[in-house]
Amino acid sequence: MKARAGDRERELINSGSTVLNGGLDRGKCKNLASTIAREVQILLDPSESDENAAIADIFVGSRGPSKRSLEVEHERAIVHLRLDNDVGMVDVAHPAKLWPELELLVQQTVRQVRTEMPNFCEKHHHTRTNLYVNQNVTETRSWHFDSWRPTHKVFVYLTDVRDSGDGPYRYILGSQRKHLNRMLRMIQNRRLGLDLRDAPDPDYSMESEILGPAGTIFISNQAGYHRGTPQTPGRHRLALVLRYEVR
Ligand SMILES: O=C(O)CCC(=O)C(=O)O
C-alpha cells in the first residue's frame, strides 16, 4: 500500500529519516549525472588548472573553503576535493553555477518536499544546496551527527544506488532522539581525543541503508547518526543535497 503524506512526516519524526513517495525523472537525473561526473574530472585535472580556476573556486584537501563562502550566496561554484574523511569525494557548493540544469531539479525537489511534508515546511526552509560526487570513494567518514543546530538534509540520488557497493546513505533509526546518549558519547570522545560528533559504535540493530533509482528523494534529520557507505572500486554515486533549517 502506498504511504500517505502524513505517514512521511510521522516517519521523519519517529525514525529521523524517510523516503518520499514521489521522486524526480530517472532518465534526466542519470543523463545530467554522467555529464557532471565527466566534467568534475576535468575540473580537477592539474594540467587544466588555469582554465578551471577561471570558472570555479577549487580546493584540494584540508585547505577547504571558508564556512561563510559556503553559506551565503556566491557568484561561483566551490569545488572541494576531500582528502581527509571521505577520500576522493568531491563536494560542490552552489553547484547550479556550474550546471544550471540542476536548478530545475532543486525546484522540483523543494515542491515535492512541500507536497509531502507540509507541516515540516511550515517550520523549515531550504537554505543551500550542495552536490556530492563520489567516484571510487572507498573510505568514508564513520558514523557521526552533523551539529547541535537542528538541521535536515534532503538528498536526491542522481544515479541508481542499487546495493552497498554504490555507496548508499546509512542512518541509525531513532538516534536523532537519543539526546542523552549523544551527550555521553561526546564526553567520552573528548576523553579519547576523538571528534565530538563521532559515534564509532552505534546501535547497529537500528541501521538502515537507503537504496533507490536515480531520482529518489529522501530526508534525514542530521542530529541522528549517519554516514555514507564506502564504495566498491569502480562505482560512482552522485547526490544533490538540499539543506533545510529552522525558519
Ligand atoms: O554522502 C553520504 O552518504 C553521507 C553524507 C554525510 O555524512 C553528510 O552529509 O553529513
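Above this text you will find the structure in question.
The present account deals with the structure reproduced in this document. On a predicted model such as this, the values are computed, not experimentally measured, just so you know.

Moving on, we come to the environment of Ser 34. Locating Ser 34 in the fold gives a position in helix 2 (residues 26-43). Given 13 C-beta atoms within 10 Å, Ser 34 falls into the partly exposed group. For the pair Ser 34 and Thr 159, spaced 125 residues apart in the sequence, the C-alpha separation amounts to 8.6 Å.

In this model, helix 5 (residues 101-116) (16 residues) spans 24 Å end to end at C-alpha, consistent with the 22 Å of a helix rising 1.5 Å per residue. Residues Leu 102, Leu 105, Thr 109, Val 113 and Glu 116 constitute the buried set of helix 5. Viewed end-on, helix 5 has its buried residues packed into an arc of 75°, placing them on one side of the element. Counted as exposed and oriented over 90 degrees from the buried face of helix 5: Gln 107 and Arg 111.

Our focus in this paragraph is helix 7 (residues 179-192). Across its 14 residues, helix 7 extends 20 Å between first and last C-alpha, which sits within 8% of the 20 Å expected from 1.5 Å per residue. The buried count for helix 7 comes to one of 14 residues, which makes it a mostly uncovered element. Remark: Gly 193 follows helix 7 within two positions and exhibits a positive phi of approximately 75°.

What follows concerns the sheet that holds strand 8 (residues 207-210). If you walk across this open sheet you meet the three strands as 8-7-10, and the pairing is antiparallel. A strand with exactly one partner marks an edge of an open sheet, and here the two such strands are strand 8 and strand 10 (226-228). Neighbour-to-neighbour, the strand axes of this sheet turn through a mean angle of 20°, independent of strand direction. Relative to strand 8, strand 7 (residues 169-172) runs antiparallel, the two being bridged by four bridges. From the neighbouring strand, Tyr 169 faces strand 8, where its bridge partner is Ile 210.

In this structure, Val 133, Val 156, Leu 158, Leu 238, Ala 239 and Leu 240 are the most contacted members of the largest nonpolar core, which totals 46 residues. Per-element tally for this core: the top contributor is helix 2, with six residues. When near neighbours in sequence (up to four residues on either side) are disregarded, Leu 240 contacts Leu 102, Leu 105, Val 106, Thr 129, Leu 131, Val 156 and Leu 158.

Glycine aside, negative phi is the norm for most residues, and most peptide bonds take the trans geometry. Not every positive phi belongs to a glycine, and His 94 is a case in point at roughly 55°. Residue position: His 94 is located in the loop between strand 4 (90-93) and helix 5. With a phi close to 60°, Asn 136 is a non-glycine residue in the positive phi region. With 14 C-beta atoms counted inside 10 Å, the residue Asn 136 sits in the partly exposed group.

About the cut-offs
- Residues numbered from 1 in each chain as written.
- Predicted model: local features only at pLDDT ≥ 70, side-chain atom pairs only at ≥ 80, totals over all residues.
- Helix = DSSP H or I, 4+ residues; strand = E, 2+ residues; numbered from the N terminus.
- Buried ≥ 20, exposed ≤ 12 C-beta atoms within 10 Å, placed from the backbone.
- Expected span 1.5 Å × (residues − 1).
- Arc of directions from axis to C-beta.
- Pairing = 2+ DSSP bridges.
- Axes fitted to C-alpha atoms, helices over the stretch in contact; angles between N-to-C directions.
- Core = buried A, V, L, I, M, F, W, Y, C linked by C-beta atoms within 7 Å.
- Contact = placed C-beta atoms within 7 Å.

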